Structure formats: structure tokens, C-alpha cells
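Reading the structure
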Amino acid sequence: MKYADEFRDKTMAQGLARAIGIEADPQRAYRFMEFCGGHTHVIFRYGLEDLLPANVRLIHGPGCPVCVLPASRIDMAIRLAARPQVILCVYGDLMRVPGSQGQSLLRARALGADIRMVYSTLDAIRIAEQALDQEVVFFAIGFETTTPATAVMIRLAKKKRLKNLSVFCNHVLTPPAMQSILESPDIRALGRAEIDGFIGPAHVSAIIGTEPYGRLAEEFGEPIVIAGFEPLDVMQAILMLVRQVNDGRSEVENQYSRAVRPEGNRRAIEEVSNVFELRDQFEWRGLGLIQDSALKLKRPYAKFDAEARFVMHELPVVDNPACECGAILRGVKSPVDCKLFGTVCTPETPIGSCMVSSEGACAAHWTYGRGRDYQLRRA
Amino acid sequence: MCLSVPAEVTELLPGDMAIVSFDGVSLEISSALIGDLAVGDYVLVHVGYALAKIDPAEAERTLELLQELGSVAQELRS
Amino acid sequence: MRVKSYQRKLDIKNGCIDLSHGSGGRATTQLVLGLFHEAFGNEWLARCNDQSAFGVRSGRMVMTTDSYVVSPLFFPGGNIGSLAVHGTVNDVAMAGARPLYLAASFILEEGFRLSDLKAVADSMGAAARAAGVHIITGDTKVVERGKADGLFISTTGVGVLANGLELSAENARIGDRVLVSGCLGDHGVAIMSRRHNLAFQVDIVSDSAALHDLVAVMVAAGGAGIRVMRDPTRGGLAATLNEIAHQSSLGFRLQEEAIPVKPAVTAACELLGLDPLHVANEGKLVAIVAADMADAVLAAMKAHPLGCDAADIGEAVADHHHLVQMSTSFGGRRIVDWLSGEQLPRIC
């Protein structure tokens, strides 16, 4: 695949690994958080940690929209899908996410709810056009990358005067979540020493650009490198972060210049801002309530808002108190520090958010990395 | 994250749609988020939408830089 | 037995299954004789009994059964009918046995088109003839509209094991080599490309094929050096190797670069967020072979048309956690785990 295979080259990876080994100061530790679950996946999928010196450590962040979706929102979707007239359209990722009391969309479907997996928001439009006597609701999740597709769908639905299509909006924002991690009390107590820099998600920045991170880098003194999702992209970003730390710099740098421009994708930003506005606050599974961290539909689009249209209520769900997802998502603990990890909490029976999607820190560690734990324990 | 593949635009269709292909797979996507798409452009595809165009010159520059970083490290070590 | 002349002929072109075809009356007989016997035609079916008798040869008998539910029913490279023959033939063959007879059972949904049923039955008959097996007994039932996805097929296979082999998943030994017979993931990707909600175009057809002939040449080359054979269907290579690792109480170490996967299969998997090692195959096998016989078996596989892309992809290692690990083409290492839950396309 052009623009992918070149960035998976083993020889170049070894060269980069040597460069990181030479430039990383053996006297200090480097702890970088890859915010995005996609990076977590790449790191485990290609075994990148095997190529890094021992003092360069990666902390797996909360950037997986499925992982951070609270159980209460899944419950809302399940209750909605139970209504006789409703067809709920979802991305495949959502099917297995646990709601409260062991419920999931997969189970709800087994019990008779009309839940359909779609690959694109355009599929939801097609379904709505074919089922005019039913209510089609699109369960929208995702970060800035995925939001424009929902915005385009709503614009098209309005243009087509589709009256039976609405959106259950759960779109969330990357920079506020990063800020919340940096501001959390346990990070503060440790003098912010736990995270020496961020690997930022390139696909988010393909939409929003690099500019929204400027304030974070400046205010919190955190180096941020926007990186692509091929293994060499991630390796290069790590080298760029090592250099920033060594130089005492805290800047926003763009490793993924082949598709990320500083200003992002203007057209996509406009599509989103036409339809969506900030929510006052939104709950993130594991991280709690974060101010201004999610989107809702603007007033002129209220009739497309499923939460208003179906008077949906969010009922609080108490997460398992033994679950360490919050601390893991903030980089304070690692998956193996959690008592539930690999015992009651596995990808087949996820308890916490990090085990839900294959991109979650715990699931990725379980699926790809547990051999390393066994080896460490033996050593 | 957001799963995305780099794909080549092979055909422009009416109604802001396009056909893209990568390594023998082709599919119809929306080009609504990109203004000036042309056949032969490479784009990042996510949930059936083109998100951004890939700049061939920048990709080349990154690859050259990666090569350079690796070979400098090789020299330093030897 | 001939269809009585006073009955109206089956309208295969325009007709469809209705409840009378499952009633046990004339319509049932007409369907069985006019469609299934036509397609499968053999001396056992011609006797029109509720069972068929056949002689038992020397050696041990092998028996297996499998149900086929696939959407869509027709896919590039085959349909549910050819799949129902190949799948069961392969399950018999993985014991190192020679498949002989099949039984086939059909659950038909009211409204299913007779032309489609004929196409399925014809391709079953063709697949069975090509594999040298006979479909010697069967059954049909009809369920009301909405109670089945068009057509479900169950096939049971019987074969004979004359070579004294005892292949079993607990037989793998440390140091054994892992051989695969060809490129992985073709069937799963071909099927997914035709699901209406995913529609993408890809030049990949299902690998659905009967493997017993390939197995025979492998056994001739490797004899008792072949410890385990499995066809990595649902759950792909990953599931198969994890099963063997657990049953044999050891681990596997694979080389990613050695595992044959077509570029288009890799590409489709990247699009859908799937791992090719989790994707189903219907015409591939994995063999665990004693190290000193591996080259001979691999050479025999490569000389067979169904094994021309065969490869040695790794070895069995001591590991009390029974992990399947893989050295990545990138120089790192990772676990190849079972698929968790259902295989669903992802966006993130």
C-alpha cells in the first residue's frame, strides 16, 4: 500500500531505534503518553516497545472513543433501541461495549432490538430513506476525526427533508481531555513528572490542525508531536520528543506533515461548526466529567437530536470500584497494576473501559503484550 | 483512534462521491470534506469519507529524513 | 423412481419454496427427486430410502458433522452448497482420512427461489463429484418465512483412515514446524466484500476447496512425522494455533514475514480493522510436522495445486502459558491471540 508500506520498513526502524538509543540520556527516564488508541494498537501490533531503550517508556492514553464512553450512554442507547419504532445504526465498535448490569448492544439485538451495524453515516441515510415509517437513530461516537462524517449526514438529511433520521451524539474532543489529564490531582501531586510529552493523533489533526495544541504545550510545558499511524511515524515522533525534552523545549511539532496542515481541514471544521456546538460538560469513562469536552447539536438542528426528540435521560452508573481504568488512562498506573486485569477483566468479559476495545490500554496489553509480563516475572 | 487507510482516487462521481482504491481493494466514498479532489490524488479514508489529501512531496521529505536519521545513527555507532 | 406424469413439473425458473414442500406429501417428493436427486445422482439415492447402507472397509472410520449458515449464500468463488461439501470433506481429511460419503440436511425458508436452490444443489453435486465423495442420504424441512436466512445446510461426513495415522491436536511436540498450505484470509474477505453494509470491491475469491487430496500427498511424504492437521476456518490461523497450543501444552513462535497473505486481503483487513490471522479460510490447512520431516512435507505441498503457496511459518516452543507469539516483520514481537467475541468491522 503506497504511503503505508514505506513507513513499515524494518531496516529504517532499526536505524531510528539506534538514533533514539544514542540520543536518549541514560541518566533520565522518558515517559511519553500516546494519547490515541490507534497509536497504542500500532505500538503493540508491531512490538515497538522491544525496539526502544529501557528508559523510554510509553503510557497508553484515553484516545479511544469506545473506551471512554460511559456505561450510562450505552444504557441510554439500549433503552432507545428497545422502542418498537426505532432502528439504531451503530459503528461495529460499539456492539460489545458493556453498559450497566452486563448489558450491551449485542445482547439488546439478541433480545429483539433493531440494531444495525453501519460502516459510514451515508448508510444511515440509506436506511432512513428505505424505512420512512420508522425512526432511524445514528449512534454517533468518535473524536474530531469522525465528527465531520456525522455533520455531513445531518446536512444531507436536512437537504433531503428526511424527518425520520436523528443522531444520538457522543462526539468528544481531544485537547480538553489532554488538559484534564494534565490537571488531574494525582498528576499534579507528582509534579507532572509522570508525562514528559504527548504523541498526538494525526487523524484528529488532519481535521483540527496542530494549532489547538499550542496553548497546552505552552501552559503545561509539555512537548507534543503530532504523529502518523505507521510504525516509523511513531518511532520518529518518539525521537522528536526525546530531542525536545533534551533541549528543554515544549513545542507542538508535526511529524505527519504529509497529511496534517497547521490549520487543519477548513472545510471539515466548517461542516462541524455549522451543526455542532460545545456541551457544557460530558462524562468520560475513567476520567469523569470534563468541561467543554464534547459536542451537541445546535439549536436549528434540534429536531435531529435524538436526546431531545425521544426525551432520553442519562441515569448514573457506578463503575466497579476495583477498576483502575481512570489511573491507567492518566498514565499513573499500568494495566498490570490493576487487580482485575487478566483475572475477572479480559477482552471476553471487560469490566473497565480500557479492556473494551482492542485499542484500549488494557486490551492491547492483554492481547499483544502479556508475553512480556511473563518474561519480566521470570527474570 | 480513527482507523484510516491511504487510498488513490480513481474516479470522481456526482454528488460529492468518489471511488478510491488501495492494493486491489476499491470502494465508494464521500468526498464532501475535500474541496478540490482529482483522479490520482491520495487521500486518507475514514468511515467512508476522505479526510485529507496526502502531499507526495511532504511524504518524500519525511522518508528522506527517516533514512538520514537512521544512517547518521549507524555512523555514530560504528 | 420416476416422477408421476400427473404431477405438474417443478417450475425451477420461476417457482419458490412453499410450506407444501415440507409437508411430506407429493410436493416434498417432487422436490427431492426433481431437484436434489438430479443434482447429486447416485445409486444410493436412487433407491429412495430414508437411509443408505454401505460397506465398511478395513481401517478406522472417521465421522464429522457441520452446519453451514453463510450470508450471502452466493459469494465469489462458491456458494453455501460447495462450502457445505468442502467444509465437511476437509474435517474428515484433517484426520488424515479419505472421505467417502456425505449426508446432507436442508432447512429451507418459505419463499426461497427454486432457481437458487437448484444452483446450490448443482454446485454441491459438482463439488462432491470432484472430491470423489457421494451424498447418499439427506433430508429437507421447510420453515415459515422469516424463520431462516433463506437456506441452512448441515452435512455429515464419513471417511476411512487406512494409514494408521492418529492425528490429534494434543500431539504437537516442542521443535515441530508449523506449515500452512497457502495464503490466509481469502474466504473471509471474499464474504465480507459482498455484505451489503460493507460493499467494497476486491479481486479475491473464496478459497473454498476440498483438501483431502493435498492431505494424501502430505501423508505420503511425511507419514507419522505429521502430528496435527487442522483447517483454520472460523477464527482463522490464530484460533487454530491457540487451540493446538493449549491441547498440546506448548507455545508457538511464528515469523510474520513467512506467513502468506495476499496484498488485497491485507488491504481489506486494514480497511475494516481486522487481523488477517483471525479471518476464516475454507481451503487451507495448518500442519504441525516433526522438524526432520518438515522439508519433505513442504515440498510435497508445494508440488500440489492446492499447496503451491505453502510455507513454513514457525515452530512449536516450550511455553507453559501456551502463547502463540510472532516476530513481527518490523523486528518486534507480539502475541497472536484468539479473536475476542464476534469479528466486527471497526472504525477505530
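Cut-off values and rules
Residues numbered from 1 in each chain as written. Chains lettered and ligands numbered in written order. Predicted model: local features only at pLDDT ≥ 70, side-chain atom pairs only at ≥ 80, totals over all residues. Helix = DSSP H or I, 4+ residues; strand = E, 2+ residues; numbered from the N terminus. Rg over C-alpha atoms; globule rule 2.2 N^0.38 Å. Buried ≥ 20, exposed ≤ 12 C-beta atoms within 10 Å, placed from the backbone. Contact = placed C-beta atoms within 7 Å. Pairing = 2+ DSSP bridges. Axes fitted to C-alpha atoms, helices over the stretch in contact; angles between N-to-C directions. Domains from an automatic or database assignment. Nonpolar A, V, L, I, M, F, W, Y, C, P; charged D, E, K, R; others polar.

1. Topic: the overall build of chain A
When helices and strands are counted, chain A shows 15 helices and 13 strands. Computed over the C-alpha atoms, the radius of gyration of chain A is 21 Å, within 12% of the 21 Å expected from 2.2 N^0.38 for a compact globule of 379 residues. On the principal axes, the C-alpha backbone points of chain A span a range of 65 × 45 × 40 Å. Buried positions account for 60% of the 379 residues belonging to chain A. Contacts spanning at least 24 positions in sequence make up 76% of the contacts within chain A whose residues lie at least 6 apart.

2. Regarding the sheet that holds strand β5 (residues 134–143) of chain C
Residue and element names in this part refer to chain C. Spatially, the four strands line up as an open sheet ordered β1-β6-β4-β5, and their pairing is mixed. The sheet is open, and its two borders are formed by β1 (60–68) and β5, each paired with just one other strand. Going across the sheet, the axis of each strand differs from the next one's by a mean of 15 degrees, ignoring polarity. Relative to β5, strand β4 (residues 98–109) runs parallel, the two sharing nine bridges. Counted as the bridge partner of F106 is T140 from β5.

3. Side note on helix α5 (residues 121–130) of chain A
Of all 10 residues in α5(A), seven are buried, a share of seventy percent or more. Burial in α5(A) covers these residues: A:T121, A:L122, A:D123, A:A124, A:I125, A:I127 and A:A128. Tucked inside the fold, the buried residues of α5(A) contact β3 (86–90), β4 (114–117), β5 (135–142), α6 (147–159) and β6 (165–171) of chain A together with β3 (25–30) of chain B.

4. Thoughts on the domain arrangement of chain C
Residue and element names in this part refer to chain C. Assigned domains within chain C: domain 1 (19–161) and domain 2 (177–335). The centre of domain 1, based on its C-alpha atoms, is set 27 Å off from the matching centre of domain 2. Each partner contributes residues to the interface: domain 1 has 21 residues there, and domain 2 has 21 residues. For the side of domain 1 that touches domain 2, the secondary-structure elements that each account for two or more residues are α3 (80–93), β4 and α4 (114–131). Examining the composition of the side of domain 1 that touches domain 2, we find that seven residues originate from one element, α3, more than from any other. Here the side of domain 1 that touches domain 2 is composed, by residue class, of 12 nonpolar, eight polar and one charged.

5. Quick word on the domain arrangement of chain A
All names here are of chain A. Considered domain by domain, chain A is made up of domain 1 (1–335) and domain 2 (336–378). Of note, the centres of domain 1 and domain 2, computed from C-alpha atoms alone, are 20 Å apart. Contacts between the two partners involve 26 residues from domain 1, matched on the other side by 22 residues from domain 2. Contributions of two or more residues to the side of domain 1 that touches domain 2 are made by α2 (37–45) and α14 (325–329). Sort the elements by how many residues they give to the side of domain 1 that touches domain 2 and α2 lands first, with six residues.

6. Comments concerning the interface of chain B and chain A
On the chain A side, the residues contacting the 35 residues of chain B number 44 residues. Among the elements that line the side of chain B that touches chain A, the one with the most residues is helix α1 (residues 56–77) of chain B, at 14 residues. Looking at the side of chain B that touches chain A, its residues break down into 21 nonpolar, 10 polar and four charged.

7. So, the sheet that holds β6(A)
Residues and elements named next belong to chain A. What the four strands build is an open sheet, ordered β4-β3-β5-β6; its pairing is parallel. Unpaired on one side and paired on the other, β4 and β6 mark the two borders of the sheet. Across the sheet, the mean angle separating the axes of adjacent strands is 25 degrees when strand polarity is ignored. Bridge count between β5 and β6: seven bridges; the pairing is parallel. Its bridge partner lying in β6, A140 is registered against C169. In this fold helix α3 (residues 71–81) packs onto β3, β4, β5 and β6, with an angle of close to 140 degrees to the strand it touches most, β3. Sheet strands in contact with α6 are β5 and β6, and its direction is about 160 degrees off that of β6.

8. Things to note about the environment of C:M63
Structurally, the position occupied by C:M63 is in strand β1. Separated by 95 residues in sequence, C:M63 and C:V158 place their C-alpha atoms 4.5 Å apart.

9. As for the interface of chain B and chain C
Interface size is commonly expressed as the accessible area that is lost once the parts come together. Taken residue by residue, the interface counts 11 residues in chain B and 15 residues in chain C. Here the side of chain B that touches chain C takes three residues from β3(B), the largest share from any one element. A breakdown of the residues in the side of chain B that touches chain C according to their chemical character gives eight nonpolar, two polar and one charged. Across two bridges, β3(B) lies against strand β8 (residues 201–202) of chain C in antiparallel orientation. By the bridge assignment for β8(C), B:V25 is matched with C:V202.

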